[in-house]
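Inside the fold
As a plain string of letters, each chain reads:
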Amino acid sequence: MLGELRAALAVGHAVLSAPPGSGKTTRVPLSLLQETWLADQRILMLEPRRPAARMAAARMARLLDQAVGDTVGYQVRFDRRIGARTRIEVLTDGILTRRLQGDPGLEGVGLLIFDEFHERSLQADLGLALALDAAAALREDLRVLVMSATLDAGAVSGLLGGAAVIQGSGRTHPVEVIYAERRPAGDPQEAVVSGVRRALSEREGDVLAFLPGAGEIRRARERLQAVLTDETEVLPLHGDLSASEQDRALRANAGPARRVVLSTDIAETSVTIEGVSCVVDGGLARKPRFNPATGLTRLVTEPVSRASADQRTGRAGRIGPGTCYRMWTLAQEVGRPNHRPAEILQADLAPLVMELALWGVRDPSELLWLDPPPEGAWSRAASLMRQLGALDAHGTLTSLGRKMAQLSVHPRLARMLVGAPAEGARRLAADLAALLSDRDPWLTERGGPRPVDLTLRCQAVEDFRRFGQAPGTDRRRLAAADRLSSRLLRGLGAERGHSSPEPGGLLALAYPDRIAKRRPGAQGRYLLAAGPGVVLPDDDPLSVHEILVVADLDVREREGRVRLALPVSETALRVALGHQLEARETLYWDANRQAVAARREERLGALVVSSQPCSLADPERSAALLMEQVGRRFEQSLPWRPEARQLQARVALLRRMEPDGGWPDISDDWLKEHLAEWLSPSVAGKQSLAQLQALDLHTALLALMDWEHRNQLQAQAPPALKTPAGNRRRLDYKAAADPVLAVPLQEMFGAGDTPTVCRGRVPVTLHLLSPARRPVQVTQDLAGFWAGGYAEVRKELRGRYPKHHWPEDPANAHPVTGGVKKRR
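Residues numbered from 1 in each chain as written. Predicted model: local features only at pLDDT ≥ 70, side-chain atom pairs only at ≥ 80, totals over all residues. Heavy atoms only, no water.

**A few points about the overall build of the protein chain**
- Along its length, the protein chain carries 29 helices and 31 strands.
- On C-alpha atoms alone, the protein chain measures out to a radius of gyration of 43 Å, which is more than a quarter above the 28 Å that the 2.2 N^0.38 rule sets for 824 residues.
- Taking the principal axes of its C-alpha atoms as reference, the protein chain extends roughly 150 × 70 × 55 Å.
- The buried share among the 824 residues of the protein chain stands at 53%.
- A fraction of 67% describes how many contacts in the protein chain between residues 6 or more apart in sequence connect residues 24 or more apart.
- Of the roughly 37,800 Å² that the protein chain leaves accessible, carbon and sulfur atoms contribute 48%.
- Distance between charge centroids for the protein chain: 5 Å, based on 110 positive and 100 negative side chains. (Helix = DSSP H or I, 4+ residues; strand = E, 2+ residues; numbered from the N terminus. Rg over C-alpha atoms; globule rule 2.2 N^0.38 Å. Buried < 20%, exposed > 50% of the residue type's maximum accessible area, 1.4 Å probe, protein only. Contact = heavy atoms within 4.5 Å. Areas by Shrake-Rupley, 256 points an atom, 1.4 Å probe, with all protein chains shown as cover. Lys, Arg positive; Asp, Glu negative; His and termini not counted. Charge placed at Lys NZ, Arg CZ, Asp CG, Glu CD.)

Below you can see the structure in the form of structure tokens.
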């Protein structure tokens, strides 16, 4: 394997695929030190995690019988052991990015090794993209070697321009895999505890157990310590521990006591954990998942991929034959993905946008990626960077952005640091950035909620500086926060200012999209500027504040749960984000006044920061809103007087009788759908429904017809008819299918036929009334009534109204107005 690798690197890049335990991490770098093409230059080897970097350097130093920092050294966050003679530097991938940004040509470096590349961290993908770009443009002699046990070597080879792929044989021992007999029920850590006890009773050697997070490790450790003897040591291993605590878990005991190492996936790859011959795999991992739509990241506990499970299994076969207890059934393994997705596909890309802008790249497609950044997440991150002031409208790094890029924290926190205006504010900003860059130092009782207020953490850091401790907190985490805060403060320089803003104002610089305003009448429930809703834990003291800045939250299906926040006053918010406030006039419907009203709002995203009534400045928008309300309550909003309704019915009759006559549709359905077409002229300048009551709808509807149709309307469907008595009586076109004429019977004396409309095609329905104005006959056949039914009606009416004139021959009698005919 090593011979093939030397030959491949002599001419270019290479890919090494070899199983766990094959010596990739420790043997390969040492074997390449004397290669001619390296020309006594240094080797930089990237490890995905700090413990792996330290242990790899220590292992290689022991093989050379040297101290760390001599030929082999390492650099991780807050820890550097590299000397003048160091030829192999083991780095975490974030350190490489900083090295490349400061020295794109990597002067004095001949080989970059990306170890355990299958973990596909965002920083590893970025480091490889920048390294390949530098090699192509500045350093044709720079070699790149990508190593992994489980990786699509062909895809990586293609990315490296067709680099040679070397397959290693490895020295791993056989591992027996034992699956759970039934699907585990209940708490997943209970299954791991059960698996550990079984492994201790059935097998020899130390046990390595995988759990998703530090909380599960703590609880599992407590349960195991309660049932195991003192001869078995139970040790945690996760990223929150100090270097000495991590190293203790990674090294075997000198005595006969057995060890149980409870680890996150930090122990999944890289160097061997001494003494381990049994693995208990809970099958879960906790990973961040970024949602581009909300701009929020949440931690998700999910099943590990098959490749990760194989990596974990391989830890049992490093020193001899081993056993792996998988805490899931064989059937459950079918649904697991083959590989873990690359972090670049699921992460917050704001740091990536910053790094590429600093590199001089606006479009990620200018670089080579195994998986390019998703467009949605990239766009969301670039938008955030513009909002923070780090990028201009063209995607170029601003002067503010260049200052931010020099600080080794997330761009949000960098914006807060460079925006702190005075020395006292910078110390506070550095403390906040340090606290938010690592795990929460606040401790709570089992099951109890942590207080949300970040002010308590800032005070705890200050107490730690003064007294060396702070009650209720993790001293180790406070020490780490204090160290990072001091480093950040040194990086800010010695600029002085005159103001010292409140903490919430500083934090607002970092999280302008997470300003949260309390919902009206809802205690503890807030709306974020970015749009989603969030809620405080029950009875949290911060719920008395109207505006918060949310630094951390647990994203859920409906409302996210706030975990860390600060209160902020409107004054401080204006100082921090006044340039982002958008002033606009908002029209709304005042339900009490039944009128259009306006207010001047200042908005920050979805939030209304302030609102004041103002005069209506846009008549067109006012009219549009008024008509919208008319459309919702059409009949109630407009003054529908009988004349207008009769006009609608008259036109409807003519449309029915003359389908091709070009008569307009002025029905309610059409009028609702085309409000702007016919009502706008009448609504212009009006603001309320009360003002609409003076509208003349009859005239407005007539305006929808041309002159000819209006004339035809009057001729064919007149609003009234003249009776034989000379009176004009209104026709009712709405009462029935045919128009109705309600008329005193005596006014129709002398009429031989029924009146008609529509050029004689539609008979009028006569409602013949008694002197008391009650119908005595309804007919469309007046001649038939005179000849037949009238005699009976006459007999009845003569009895009731003896003074009235009731002729025997009504068709030829004189009509009577008022009912009584004077005798001659």
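**With respect to helix α12 (residues 375-387)**
- In this model, α12 (13 residues) spans 18 Å end to end at C-alpha, consistent with the 18 Å of a helix rising 1.5 Å per residue.
- The complete set of buried residues in α12 reads Ala-377, Trp-378, Arg-380, Ala-381, Ala-382, Leu-384 and Met-385. (Expected span 1.5 Å × (residues − 1).)

**Points about the pattern of salt bridges**
- For the coordinates displayed, the defined rule picks out 50 salt bridges.
- The shortest N-O distance in the salt bridge between Asp-265 and Arg-49 comes to 3.5 Å. Here Arg-49 lies in the loop between β2 (42-47) and α3 (50-63) and Asp-265 lies in the loop between β12 (258-263) and β13 (276-281), a separation of 216 residues in the sequence.
- On the basis of relative accessible area, Asp-265 is assigned to the buried category, the value being 11%.
- In this structure Arg-49 comes out as buried when scored by relative accessible area, which is 14%.
- Notably, a salt bridge pairs Asp-310 with Arg-326, separated by 3.2 Å at the nearest N-O pair. With Asp-310 in helix α10 (residues 306-314) and Arg-326 in strand β16 (residues 322-326), this residue pair connects regions lying 16 residues apart in the sequence.
- Here Asp-310 falls in the partly exposed class, since its relative accessible area comes to 44%.
- By sharing partners, the salt bridges in this structure join Arg-49, Glu-119, Asp-265, Lys-287 and Arg-340 into a single network. (Salt bridge = Lys/Arg side-chain N within 4 Å of Asp/Glu carboxyl O.)

**Overview of unusual backbone geometry**
- Of note in the backbone geometry, Leu-106 takes a positive phi value of approximately 45° without being a glycine.
- Positionally, Leu-106 belongs in the loop between α4 (93-102) and β6 (109-114).
- For Arg-759, which is not glycine, the phi torsion reads 55° and is therefore positive.
- With respect to the helices and strands, Arg-759 occurs in the loop between β28 (756-757) and β29 (762-763).
- A residue is classified by how much of its surface remains accessible, and Arg-759, at 57% relative accessible area, is exposed.

**A closer look at the sheet that holds strand β19 (residues 533-535)**
- If you trace the five strands once around the closed barrel, you get β17-β18-β19-β21-β20, paired in mixed fashion. Strand-to-strand twist of the sheet, defined as the mean angle between neighbouring strand axes without regard to direction, takes the value 50°.
- Bridging between β19 and strand β21 (residues 560-567) involves two bridges; their strand directions are parallel. What sits directly across from Val-535, in β21, is Arg-561.
- The strands touched by helix α16 (residues 454-467) are β20 (547-554) and β21; relative to β21, the strand with the most contacts, the crossing angle is about 55°. (Pairing = 2+ DSSP bridges. Axes fitted to C-alpha atoms, helices over the stretch in contact; angles between N-to-C directions.)

**Concerning the packing of helix α11 (residues 350-359) against α12**
- At their nearest, the axes of α11 and α12 sit 8 Å apart, and the two run at 70° to each other. Judged on the interaxial angle alone, α12 and α11 are roughly perpendicular. Residues Ala-350, Leu-352, Val-353, Met-354 and Leu-356 of α11 lie in contact with α12, whose contacting residues are Trp-378, Ala-381, Ala-382, Leu-384 and Met-385.
- Of the residues assigned to the contact of α11 with α12, the class counts are ten nonpolar, no polar and no charged. (Parallel < 35°, antiparallel > 145°, perpendicular 65-115°, else oblique. Nonpolar A, V, L, I, M, F, W, Y, C, P; charged D, E, K, R; others polar.)

**Quick notes on the nonpolar core**
- Of all hydrophobic cores here, the largest spans 108 residues; its most connected members are Phe-114 and Ile-515.
- No other element matches the ten residues that helix α5 (residues 122-137) contributes to this core.
- In this structure, Phe-114 is in contact with Leu-46, Leu-96, Ala-124, Gly-127, Leu-128, Ala-131, Val-144, Leu-145, Val-146 and Met-147, ignoring residues within four places of it in sequence. (Core = buried A, V, L, I, M, F, W, Y, C linked by side-chain atoms within 4.5 Å.)

**As for the pairing of strand β17 (residues 515-518)**
- Across three bridges, β17 lies against β20 in antiparallel orientation. Along β20, the bridge assignment pairs Lys-517 with Ile-547.
- The pairing of β17 with strand β18 (residues 525-528) spans three bridges and is classified as antiparallel. Bridge pairing in β18 links Ala-516 to Leu-528.

**Observations regarding the sheet that holds strand β4 (residues 79-81)**
- The eight strands lie next to each other as β4-β3-β5-β2-β6-β7-β1-β8, forming an open sheet whose pairing is mixed. Edge strands, defined here as strands with exactly one partner in the open sheet, are β4 and β8 (164-167). Each strand of the sheet is rotated relative to its neighbour by a mean of 20°, with strand direction disregarded.
- Note that strand β1 (residues 14-17) and strand β7 (residues 143-148) share four bridges and pair parallel. Bridge pairing links Val-15 to Val-146 in β7.
- Contacts between helix α2 (residues 24-31) and the sheet are confined to β1, β2, β3 (72-76), β5 (88-92), β6 and β7, with β7 contributing the most and set at about 160° to the helix.
- α4 contacts β2, β3, β5 and β6 of the sheet and is inclined by roughly 110° relative to β5.

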